[in-house]
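Inside the fold
Chain by chain, the residues:
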Amino acid sequence: MLTLAEAQAAIAERIVAAGKTETVPLRAAAGRYTAAELRAAVDNPAFDNSAMDGYALCTPDLVTNSFVLPQAGEARCGDAPGRLASNTCQRIFTGAPLPAGADTVEIQENVRLEPGCVVFPRTVQPGQNIRRQGEDFKRDDALYGPGRRLTVYDLALLSAAGVAAIPVYARPRALVVATGDELVAPGTPLQPGQIYESNRLVTLLQLEALGVETVDGGVVRDDAGALRDMLKSAADYDFVITSGGASVGDHDLVKQVFARIGEINFWKVKIKPGKPVAFGRVGERGHFFALPGNPVSSLVTFKLFVEPALAAWHHARYRLVELPALADNDFRRHAGRMEFLRARLGLRDGRLHATALHGQGSHMLGPLRQTNGFIRLAEDSTGFTAGDTVAAIPLGLGGEGWD
Ligand code: AMP
Ligand code: MG
């Protein structure tokens with residue numbers, strides 16, 4: 001059986017990364033992945049300008065005029081840069097171009113106004129309150145490399161840099177299928193032996209949050225023919241993600257059926273929950289994940305395998321952030337597999353704390369109400385005692401864009 005690291009490496013090796021690209025406007029680029037280097041179209045700032053509301057002047061003129069200068073003109077935002085007549089000052093506003101001939105700006109709070117004149121303090125220094133052309137970035141600077149998932153902050157920068165059209169990778173397409181004779185969607189009454197299913201919904205939603213175009217394959221019965229029918233289009237997708245039917249039971253047929261249309265690279269990883277997880281490839285560019293049926297196993301394996309695979313597909317880096325936390329309770333177990341405990345993380349006295357939630361069964365959804373992270377136990381760990389330092393994985397931290 002592979003360890004987590006081995007399984008993740010096996011996936012990384014077999015990813016057929018995104019090829020198709022498209023160009024989208026800024027407004028549609030949030031969450032998309034750059035497919036080329038993006039360069040600034042302009043300097044930022046585009047011209048020397050004032051950082052404050054005040055008066056632009058030339059410092060040598062001050063001394064000659066005993067720190068009193070007549071005001072001649074005004075520099076407003078959107079004006080073409082004017083010129084400062086010597087031995088005068090100009091009213092200037094934040095963001096307005098610094099007039100040629102001026103070497104500083106004094107803020108309005110520091111001056112005294114007299115009819116037609118401005119009295120400056122003796123503390124005026126050349127170069128103050130000026131934003132210099134290109135001090136932020138310069139035209140043609142490489143702002144982003146390929147494989148960068150653009151945040152709204154990135155779009156602020158690209159907008160200021162005059163980049164209107166962004167080359168991005170075309171969204172991957174994923175088929176999501178739940179398998180199991182017992183599964184029904186909430187909304188219909190349960191017949192004996194049936195349960196409401198949740199994996200398909202959560203998998204679809206998680207994929208969509210990561211920018212994937214999803215196709216809901218519905219629930220498929222534990223029947224080789226039905227599974228074959230559903231999976232026969234597998235090679236048309238970048239990702240096919242099933243849940244359930246990947247274990248060792250007589251009716252766990254997903255793997256066998258898939259093995260006939262594609263190639264299984266591994267099945268079973270030494271983790272808890274989520275041991276019966278399989279990964280394979282189909283066709284030229286298809287990736288296949290058979291996630292376990294238990295809802296918590298499905299969530300954990302999505303995080304550990306599907307998320308990094310999607311990042312790699314987009315030529316991006318991925319990191320699961322793990323932080324040391326103080327355990328708030330005891331947890332005992334048998335060593336053997338790396339384990340991910342659902343946990344409640346919080347801050348106390350400036351330290352990260354973690355509580356292993358009660359009810360760790362992989363079928364138990366109740367603790368999800370408190371879950372905002374995981375505690376990771378190493379293979380050989382037999383648990384921990386309150387006060388021990390444990391490895392905590394806060395949800396919502398890490399992923400892409402972390403070093
Ligand atoms: P399996 O992996 O098919 O052996 O399923 C393991 C457990 O997970 C069984 O108790 C199933 O009823 C349950 N299960 C399977 N698929 C789902 C699903 N989509 N939603 C909720 N529970 C599921
Ligand atoms: Mg099943």
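Here goes a summary of the coordinates provided. The structure displayed is predicted, hence computed values, not measured ones.

Side note on the packing of helix H5 (residues 224–231) against helix H6 (residues 254–261)
Geometrically, a packed helix pair is captured by the angle between its two axes and the distance between the axes. Packing of H5 against H6 leaves a shortest axis separation of 10 Å and a crossing angle of 45°. With respect to H6, the element H5 is oriented oblique. In the packing of H5 onto H6, the handedness of the crossing is right-handed. Counting all contacts with H5, which are made through Ala224, Leu227, Arg228 and Leu231, the residues of H6 involved are Val254, Val257, Phe258, Arg260 and Ile261. Of the residues contributing to the contact of H5 with H6, the split by class is seven nonpolar, no polar and two charged.

Remarks on the site of ligand 1
Taken together, 15 residues are adjacent to ligand 1, and Glu182, Glu197, Ser198, Gly245 and Gly293 come closest. A distance of 3.0 Å is found between a nitrogen atom of ligand 1 and a backbone nitrogen or oxygen belonging to Ser198. In isolation ligand 1 offers 490 Å² of accessible surface; the protein chains occlude 78% of this area. In the shell around ligand 1, the residues fall into four nonpolar, eight polar and three charged.

Looking at the side chain of Thr88
Looking at the secondary structure, you find Thr88 in the loop between strand E5 (68–75) and strand E6 (89–92). Here Ala85 takes part through its backbone oxygen, which lies 2.6 Å from a polar atom of the side chain of Thr88.

Things to note about the environment of Ser243
Mapping Ser243 onto the fold places it in strand E17 (residues 239–243). Here the alpha-carbon distance between Ser243 and Val163, two residues 80 residues apart in the chain, equals 41 Å. Leave out the neighbours within four places in its chain, and Ser243 touches Val177, Ala178, Thr179, Asn199, Leu291, Pro292 and Gly293.

Here we look at the state of the cysteines
For the structure on display, the rule yields zero disulfides. We note that Cys58 lacks a disulfide partner, and the nearest cysteine sulfur, in Cys89, lies 12 Å from it. Between Cys77, a free cysteine, and Cys89, which holds the nearest cysteine sulfur, the sulfur-to-sulfur gap is 18 Å. Judged by relative accessible area, which is 47%, Cys77 ranks as partly exposed.

Let's talk about the layout of surface pockets
If you add up the space inside the largest pocket, you get close to 800 Å³. In terms of residue count, helix H7 (residues 295–313) provides more of the lining of the largest pocket than any other element does, seven residues in total. Looking at the lining of the largest pocket, its residues break down into 17 nonpolar, 10 polar and eight charged.

What about a nonpolar patch on the surface?
Where nonpolar side chains cluster on the molecular surface, the patch consists of Leu323, Leu397 and Trp402 and spans about 240 Å² of accessible area. Locating Leu397 in the fold gives a position in the segment after strand E28 (389–394).

What about unusual backbone geometry?
With the exception of glycine, the majority of residues adopt a negative phi angle, and the majority of peptide bonds are in the trans configuration. Omega for the bond connecting Asn44 with Pro45 falls within 30 degrees of zero, at -10°, which places this linkage in the cis form. Position of Pro45 relative to the elements: it lies in the loop between strand E2 (38–39) and strand E3 (49–50). Cis geometry marks the peptide bond from Lys272 to Pro273; its omega dihedral reads -10°. Here Pro273 is to be found in the loop between strand E19 (271–272) and strand E20 (278–282). Phi angles above zero are rare outside glycine, and Asn129 is one such case at about 60°. Positionally, Asn129 belongs in the loop between strand E9 (117–119) and strand E10 (130–131). Judged by its relative accessible area of 24%, Asn129 falls in the partly exposed class. Its identity is not glycine, yet Lys268 carries a phi of approximately 85°, on the positive side. Mapped onto the elements, Lys268 comes out in the loop between strand E18 (263–267) and E19. Take Lys268: its relative accessible area is 23%, and that puts it in the partly exposed class.

Cut-offs applied
- Residues numbered from 1 in each chain as written.
- Chains lettered and ligands numbered in written order.
- Predicted model: local features only at pLDDT ≥ 70, side-chain atom pairs only at ≥ 80, totals over all residues.
- Heavy atoms only, no water.
- Axes fitted to C-alpha atoms, helices over the stretch in contact; angles between N-to-C directions.
- Helix = DSSP H or I, 4+ residues; strand = E, 2+ residues; numbered from the N terminus.
- Parallel < 35°, antiparallel > 145°, perpendicular 65-115°, else oblique.
- Left-handed = near helix turned anticlockwise from the far one by under 90°.
- Contact = heavy atoms within 4.5 Å.
- Nonpolar A, V, L, I, M, F, W, Y, C, P; charged D, E, K, R; others polar.
- Near = heavy atom within 4 Å.
- Polar contact = N/O pair within 3.5 Å; in protein donor to acceptor, adjacent residues only side chain to side chain.
- Areas by Shrake-Rupley, 256 points an atom, 1.4 Å probe, with all protein chains shown as cover.
- Disulfide = S-S within 2.5 Å.
- Buried < 20%, exposed > 50% of the residue type's maximum accessible area, 1.4 Å probe, protein only.
- 1 Å grid on protein atoms, 1.4 Å probe; cavity = no way out; pocket = protein on both sides within 12 Å on 5 of 7 lines; lining within 4 Å.
- Points joined across faces, edges and corners; volume = space filled by probe spheres on them.
- Patch = residues over 30% accessible without salt bridge, like charges linked within 9 Å, V, L, I, M, F, W, Y side chains within 5 Å.
- Salt bridge = Lys/Arg side-chain N within 4 Å of Asp/Glu carboxyl O.

Spatial relationships are all this shows, so hold off on functional conclusions.
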